[in-house]
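Residue strings, one per chain:
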Amino acid sequence: MTAAESERSGPPRGADLPAPEGRAEPARILLIGGTGVFGSRLAAGLRRMPGVRVLVAGRSAGTDVVLDRSAPDLAARLAALRPAIVIDAAGPFQPPSDAPYAVARAAVACGAHYLDLSDDAAFTAGIGALDGMAKAAGVAVISGVSSVPGLSSAAVEELRVGLSDIHLIESVILPGNRAPRGLSVMRAILSQAGQPLEVRCAGRAQAVPGWGGLQRLSLPGLGARWTSVIGAPDLALFPGRYGARTVAFRAGLELPVLHLGLWALSLPVRWGLFRSLAPAAPLMRRLAGLFEPFGTDRGGMRVRVIGRGPSGAEVRDWTLLAEAGDGPQIPALPGRVMVGKLLSGAAAPGARVCLGEFSLAEARQAGADLAFSFGRQDRPRIPVFEQALGPSFAALPEAVRDLHDVLHMRRWTGTARVDRGSGLLVRAICALVGFPPAAAAVPVEVTMERRGDAEIWVRTFGGRRFRSRLRATGRPGEVSETFGPLSFCIRLTRVGETLTYPVAGGRIGPVPLPRWLLPQSLSAEGADGRAATFDVEVRLPGIGRLVRYRGRIVEAGDRRPAKS
């Protein structure tokens, strides 16, 4: 049976709009996977558009068109259907080496535009291999027309306006528990759980475990939910396009028992006891179905950009709240927008990722019939040292100001000399605090991360780490620094182009330290060109030197300039 013969006669399920009398035939849209969780929502939305005829294709006889994507005569079958646009909402989106992008190539061969809902980073990023073919045919081939990276990049494009230095781009998706669970989506999540996932963090690639990094996040209208790190095209595509130091993507299940249960199941994969959780997808889907009566049908999405511009540093959030069970419409929304742009001739020919292809205003207009509400919140983010020093912060050398411009996470590397005092008591105190051992020249790495109103500093000297927490106290020039049970009040003082750290008070837990027990901090920071220099000596009355470390550090990692 040919594709033309397998097409049903008449409008499928009475939903397609006939061509108005005296006007051209409606544009045919061939939607592969239009019976799935997201594909069915896209099909319903497209059928509301005037001047189109939607043909749902699949292997089942219950679809409008019976079509096997692996058939050797796929291109001929598509050509017989005369589609204006071919949309792949089915996947899988991992191209086999013997026939990469078969559906996209077949669409181009018959002169049709191509869209897909891929959320696989490698598949989406590789679509550019078809650019020459698409331009020669005068059609657009666009991958990732979904929540990520299509909608998330639209949000970033709007949020980044006026920011020249982006420290963080983070996308979060939180579906409601009563949303339908597609087997392919569940299999994709389980295949990543516990597996190493490469992310860009503070300008450097690092591996984190999939469905790890547990964190509670709150979205307006949804409240607090657990989230975990998971893969998405954003992780691979956003660093180069936007020059962000850190790019993160998180997802969360509404019910803590399901979210934390999956986290626990991912641990044996991390430990190497299981290769993958993906084979358990059918069973996990049935188990999750037992919890369907619980939770809500409310889901949402948030995109956060933290960066600095001429007017200062800001945290900018864009949120989308979906109610009345419309959460699965979010991945389908970009498809609606892009079909409209293709039919109007507003999308240029060529093969590319769906990055900044449409605006948030266009997305809002396309989803006007859905139970969506959108929000945006911008608020300033002042680094801890700038809070404490006030106007005098601006008088510090550029390298020192940059060292303390911690809007999300920064990483610095260099070398240092470490000297230690002598005696059993000195060794015991240094071990308690975590000070490094003596060394003539040791590699140094310093990581500074903003968490709430505080900064977490992790200093690594030759593999030995010690950690402290700093926050502004609200009093001019003052910060507190905590090392385990020890906490000290530090009066930051600018002396010329040097920043000093004298200790003004301290305590062990809730117990204040008497003045005669307070450590003396002979510490200073300065600049050596673009490098920051440090000379830190800590002494105790009656004991003398505990430790002194001095050296220079520069920012680590690669920060690529944003593309205009």
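Computed from a predicted structure; not experimentally measured.

(A) Region of the structure containing the overall build of the chain. Across its full length, the chain carries 16 helices and 29 strands. Along the three orthogonal principal directions, the C-alpha set of the chain runs to about 95 × 45 × 45 Å. Within the chain, the proportion of its 564 residues that are buried is 51%. For the chain, long-range pairs separated by at least 24 residues make up 67% of all intrachain contacts whose partners lie at least 6 apart in sequence. Summing over all exposed atoms, the chain offers an accessible surface of approximately 24300 Å²; the carbon and sulfur share of this is 56%. Averaged over its 69 positive side-chain charges, the chain has a centre that lies 6 Å from the centre of its 49 negative ones.

(B) Region of the structure containing the packing of aromatic side chains. Here the structure, examined in full by the defined rule, presents 15 aromatic pairs. A centroid spacing of 4.7 Å and a plane angle of 50° characterise the contact between Y101 and F123, whose relative ring orientation is tilted. Here F123 lies in helix α5 (residues 121-125) and Y101 lies in the loop between β4 (85-88) and α4 (102-109), a separation of 22 residues in the sequence. Residue Y101 is classed as buried on the basis of its relative accessible area, which comes to 9%. On the basis of relative accessibility, which here comes to 6%, the residue F123 falls in the buried class. Ring pairing ties together the aromatic residues F435, F461, F466, F483, F488, F534 and Y549, which thus form one cluster.

(C) Looking closely at the sheet that holds strand β5 (residues 113-116). Spatial ordering of the open sheet is given by β3-β2-β1-β4-β5-β6-β15, a layout of 7 strands whose pairing is parallel. Both edges of this open sheet fall to β3 (65-66) and β15 (350-353), since each of them pairs with a single strand only. Judged from the 2 bridges that link them, β5 and strand β6 (residues 140-143) form a sheet pairing that is parallel. Paired with Y114 across the strands is V141, a residue of β6.

(D) Here's a closer look at a nonpolar patch on the surface. Taken together, the side chains of W271, L273 and F274 define a hydrophobic patch exposed on the protein surface, amounting to about 400 Å² of accessible area. Of note, L273 is situated in the loop between α10 (256-270) and α11 (281-289). On the accessibility criterion, L273 (60% relative accessible area) is exposed.

(E) Broad picture of the environment of Q206. Tracing the backbone shows Q206 in strand β9 (residues 204-209). Beyond its immediate chain neighbours, meaning those up to four positions away, Q206 contacts L197, E198, V199, C201 and R411. A distance of 3.1 Å separates a polar atom in the side chain of Q206 from a polar atom in the side chain of R411.

(F) Examining the pairing of strand β8 (residues 196-201) more closely. Taken together, the 6 bridges between β8 and β9 define a ladder with antiparallel strand orientation. Paired with E198 across the two strands is A207, which belongs to β9. Where β8 folds back onto β9 in an antiparallel hairpin, the turn is made up of 2 residues, including A202, whose phi is positive at roughly 50°.

(G) Focus on α4. Within α4, burial applies to V103, A104, A106, A107 and V108. Contacts from the buried residues of α4 go to β1 (27-32), α3 (74-81), β4, β5, α6 (131-137) and β6. Positive backbone phi, approximately 75°, marks G111, located one or two places after α4.

(H) Focus on the packing of helix α2 (residues 37-46) against helix α12 (residues 333-343). Contact geometry of α2 with α12 gives a least axis separation of 9 Å together with a crossing angle of 40°. As judged from the angle between their axes, α2 and α12 are oblique. In the packing of α2 onto α12, the handedness of the crossing is right-handed. Between α2 and α12, the contacting residues are L42, G45 and L46 on the first element and G335, R336 and V339 on the second.

(I) How the structure looks around the pattern of salt bridges. All told, the structure shown has 41 salt bridges when counted by the stated rule. In this structure, R308 engages D405 in a salt bridge whose closest nitrogen and oxygen atoms are separated by 2.6 Å. Residue R308 is located in strand β13 (residues 299-309), and its partner D405 is located in the loop between α15 (398-403) and β17 (409-420); the two are separated by 97 residues in the primary sequence. Look at R308 and you get partly exposed, because its relative accessible area is 22%. In this structure, D369 and R336 form a salt bridge, with 2.8 Å as the shortest nitrogen-oxygen distance. Within this pair, whereas D369 is found in the loop between α13 (360-366) and β16 (372-380), its partner R336 is found in helix α12, the two being separated by 33 residues in sequence. According to the relative accessible area criterion, R336 is buried, its value standing at 8%. Shared partners join several salt bridges into a network, and the residues in it are D165, R245, D402, R410 and E555.

Reading the values: the criteria
Residues numbered from 1 in each chain as written. Predicted model: local features only at pLDDT ≥ 70, side-chain atom pairs only at ≥ 80, totals over all residues. Heavy atoms only, no water. Helix = DSSP H or I, 4+ residues; strand = E, 2+ residues; numbered from the N terminus. Buried < 20%, exposed > 50% of the residue type's maximum accessible area, 1.4 Å probe, protein only. Contact = heavy atoms within 4.5 Å. Areas by Shrake-Rupley, 256 points an atom, 1.4 Å probe, with all protein chains shown as cover. Lys, Arg positive; Asp, Glu negative; His and termini not counted. Charge placed at Lys NZ, Arg CZ, Asp CG, Glu CD. Phe/Tyr/Trp six-rings, centres within 6.5 Å; stacked < 30°, edge-to-face > 60°. Pairing = 2+ DSSP bridges. Patch = residues over 30% accessible without salt bridge, like charges linked within 9 Å, V, L, I, M, F, W, Y side chains within 5 Å. Salt bridge = Lys/Arg side-chain N within 4 Å of Asp/Glu carboxyl O. Polar contact = N/O pair within 3.5 Å; in protein donor to acceptor, adjacent residues only side chain to side chain. Axes fitted to C-alpha atoms, helices over the stretch in contact; angles between N-to-C directions. Parallel < 35°, antiparallel > 145°, perpendicular 65-115°, else oblique. Left-handed = near helix turned anticlockwise from the far one by under 90°.

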